[in-house]
Amino acid sequence: MKTLKNILPQHLINILRIGREKIHVSQYLFVENLPQNIIQYIINKRQKSQRHKIQPSKDEHQYYSMLNKSEFLCKVELQKIQLKKFKELIAYAYENVPFYEETMKLKNITPNDFKTLNDISKLPVISKDDIRKQPEKFISKEFSGSNSRQLTPISTGGSTGTPMLYQFDQKMIGVRKAHWWRWSKFAGVDLYNDKMIYIGGDAESKYRKPNNFKGIYNSTHTRLTLSANSMSPQVIDRYIQTMQEFKGDYMRGYASAVYLLAIRMNERNITIPLKAILTSSDTLYPQYRDVIRKAFNSEVFDHYGQNEDILTATECDYHNGFHINTESCIAETVDINNEVVVNESGFLVSTHLENYAMPLIRYKVGDVGKLDNKWVRCKCGRSHQKLVELIGRDDEIIISPDGRQVACGSMNQPMKLMGDTIVKCQFIQNTIDKLTVKIVTTNKWNKKSEKQFIGNLKQQVGNELKIKLELVDNIPTRPNGKYQLIVSNIQNNK
């Protein structure tokens, strides 16, 4: 019987052992520099020992079943669910979470003072800074000491690159995945039976050479994973070949990464028909959607959320806003003074109703948006509150010398009708009077395009900003593979 010791020299065995400790726990291993027969041996060995089908956990299945039962309830019934869960969460937090126990006692209030959803405003809005200063005060006493082993840390670099750590228990992990399951249902695909192509942040990318990488399969060959971290035309061409060989049913991933794939496919007149495209993690701009539809001959279903999963929402077939998962959260918008605003844009705030391990009540998400406070019933038949407009990160704003503030949604406008000349661009502001714009262009870009772009841009930012264009071959993503439209280095940009 052949083993690795029979095939590999000792120094390569040592490399594999070290690599196994470093590589993200993910059911697969890819080593480009080994001979092909050895790579295939490793793959076959893993597949024989891991040929089980991916299945939902008990917690996930239970929560998904609940979501199905409430999917077409009316506003009143949905708010009854919210209120019941909210009262239970408040009572629990008062007894078990130091921050909320101290806060309520300081304000001389008890759980009995929370009788309606509007009473949520009796508690303060909290931010990432509040959690960073005293993270242990947000953890339930039930999960302290040795019980902390029951928690799963969820890390996020955030759009600002500031690392944060949150804690989920097993139920909360199930809730998160159940929301993904609902998202796939909205898109008309089966999360557990259809073959998925995924492109996004890749924890293993630093152990690979991007020039050789062309994707990896999971152990049952039902999922193909591509990395959004290094998407040169050469890498994208290999991804296209792998996707054609894989014959997936649908794709899920970063909006910007799917868009780059689609651009290259359209350039090469290649179409890979799929049931649906599920995008998330960064902004899906209108021109992205059009290009993606053409390349994959399918509809795009965008999803809004964060690693901490405080506020999640999904598009339906009508694409007229995001249906918020109101069974699991209470969404609000506030102004700069943290006062509630209604029927206008504001800072998004949310309370998760299922995370008892680390309850976050009235948590400032970090985005600016507008909610439908009337809960108008959608043409799809759902009455969930909608996130009708997502303006962008509250720290991704261009400020002009005349005082105007322009967020992502508006900064995207100059490219709206220039999809044939601009691949992507990035706005960088280091001083209040200057704006640098990096642009990756197509071969159709010319002086007329430049004039049109600057004219469109000035309509958004005014005439006070000095604009400098830099034509570049590529705009790197962040380390997590996400694309950043605005890079603001202005300190006081809120």
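Going by the structure above, here's the rest.
This write-up is about the structure you can find in this document. (Residues numbered from 1 in each chain as written. Predicted model: local features only at pLDDT ≥ 70, side-chain atom pairs only at ≥ 80, totals over all residues. Heavy atoms only, no water.)

1. Quick notes on the pattern of salt bridges
Tallied over the entire structure, the rule returns 22 salt bridges. With a closest N to O distance of 2.8 Å, glutamate 88 and lysine 84 form a salt bridge. Of the two residues, glutamate 88 and lysine 84 are both situated in helix H5 (residues 75-96); the distance of 4 residues between them amounts to about one turn of the helix. In this structure, arginine 132 engages aspartate 129 in a salt bridge whose closest nitrogen and oxygen atoms are separated by 2.6 Å. In this pair, arginine 132 and aspartate 129 are both assigned in helix H7 (residues 128-133), 3 residues apart and thus about one turn of the helix distant. For arginine 132, a relative accessible area of 35% corresponds to the partly exposed category. Each of Asp237, Arg264, Glu267 and Arg268 takes part in a single network of salt bridges with overlapping partners. (Salt bridge = Lys/Arg side-chain N within 4 Å of Asp/Glu carboxyl O. Helix = DSSP H or I, 4+ residues; strand = E, 2+ residues; numbered from the N terminus. Buried < 20%, exposed > 50% of the residue type's maximum accessible area, 1.4 Å probe, protein only.)

2. Here we look at the sheet that holds strand E17 (residues 422-431)
Pairing within the open sheet is mixed, and its 4 strands lie in the order E19-E18-E17-E20. Taken across any chain shown, the strands that pair with only one partner, and hence form the sheet edges, are strand E19 (466-471) and strand E20 (486-488). Neighbour to neighbour, the strand axes of the sheet diverge by 20° on average, direction disregarded. Pairing geometry for strand E18 (residues 434-441) and E19, over 6 bridges, is parallel. In the strand pairing of E19, lysine 438 is matched with glutamate 470. The strands touched by helix H13 (residues 447-461) are E17, E18 and E19; relative to E19, the strand with the most contacts, the crossing angle is about 140°. (Pairing = 2+ DSSP bridges. Axes fitted to C-alpha atoms, helices over the stretch in contact; angles between N-to-C directions. Contact = heavy atoms within 4.5 Å.)

3. Things to note about unusual backbone geometry
The phi dihedral of lysine 247 is positive, around 60°, even though this residue is not glycine. Within the element layout of this structure, lysine 247 appears in the loop between helix H9 (233-246) and strand E6 (250-254). Judged by its relative accessible area of 60%, lysine 247 is exposed. One non-glycine residue, asparagine 338, lies in the positive phi region at around 65°. Positionally, asparagine 338 belongs in the loop between strand E11 (329-334) and strand E12 (346-352).

4. Structural notes on the environment of isoleucine 173
With respect to the secondary-structure elements, isoleucine 173 resides in helix H8 (residues 170-186). As a C-alpha pair, isoleucine 173 and aspartate 59 span 114 residues in sequence and 8.0 Å in three-dimensional space.

5. Focus on helix H4 (residues 58-70)
For H4, which comprises 13 residues, the first-to-last C-alpha distance of 19 Å matches the rise-based estimate of 18 Å (1.5 Å per residue) to within 8%. Tucked into the core, H4 has its buried residues touching H5 and H8. (Expected span 1.5 Å × (residues − 1).)

6. Examining the packing of aromatic side chains
This structure, assessed with the given rule, holds 12 aromatic pairs. A centroid spacing of 4.7 Å and a plane angle of 55° characterise the contact between tyrosine 92 and tyrosine 356, whose relative ring orientation is tilted. Here tyrosine 356 lies in the loop between E12 and strand E13 (363-371) and tyrosine 92 lies in helix H5, a separation of 264 residues in the sequence. Take tyrosine 92 and tyrosine 356: they sit in the same class, and that class is buried. On the numbers, 6.2 Å between centres and 85° between planes, the contact of tyrosine 166 with tyrosine 363 is edge-to-face. Placement of the pair is tyrosine 166 in strand E2 (residues 164-168) and tyrosine 363 in strand E13, with a sequence separation of 197 residues. Judged by its relative accessible area of 0%, tyrosine 363 falls in the buried class. (Phe/Tyr/Trp six-rings, centres within 6.5 Å; stacked < 30°, edge-to-face > 60°.)

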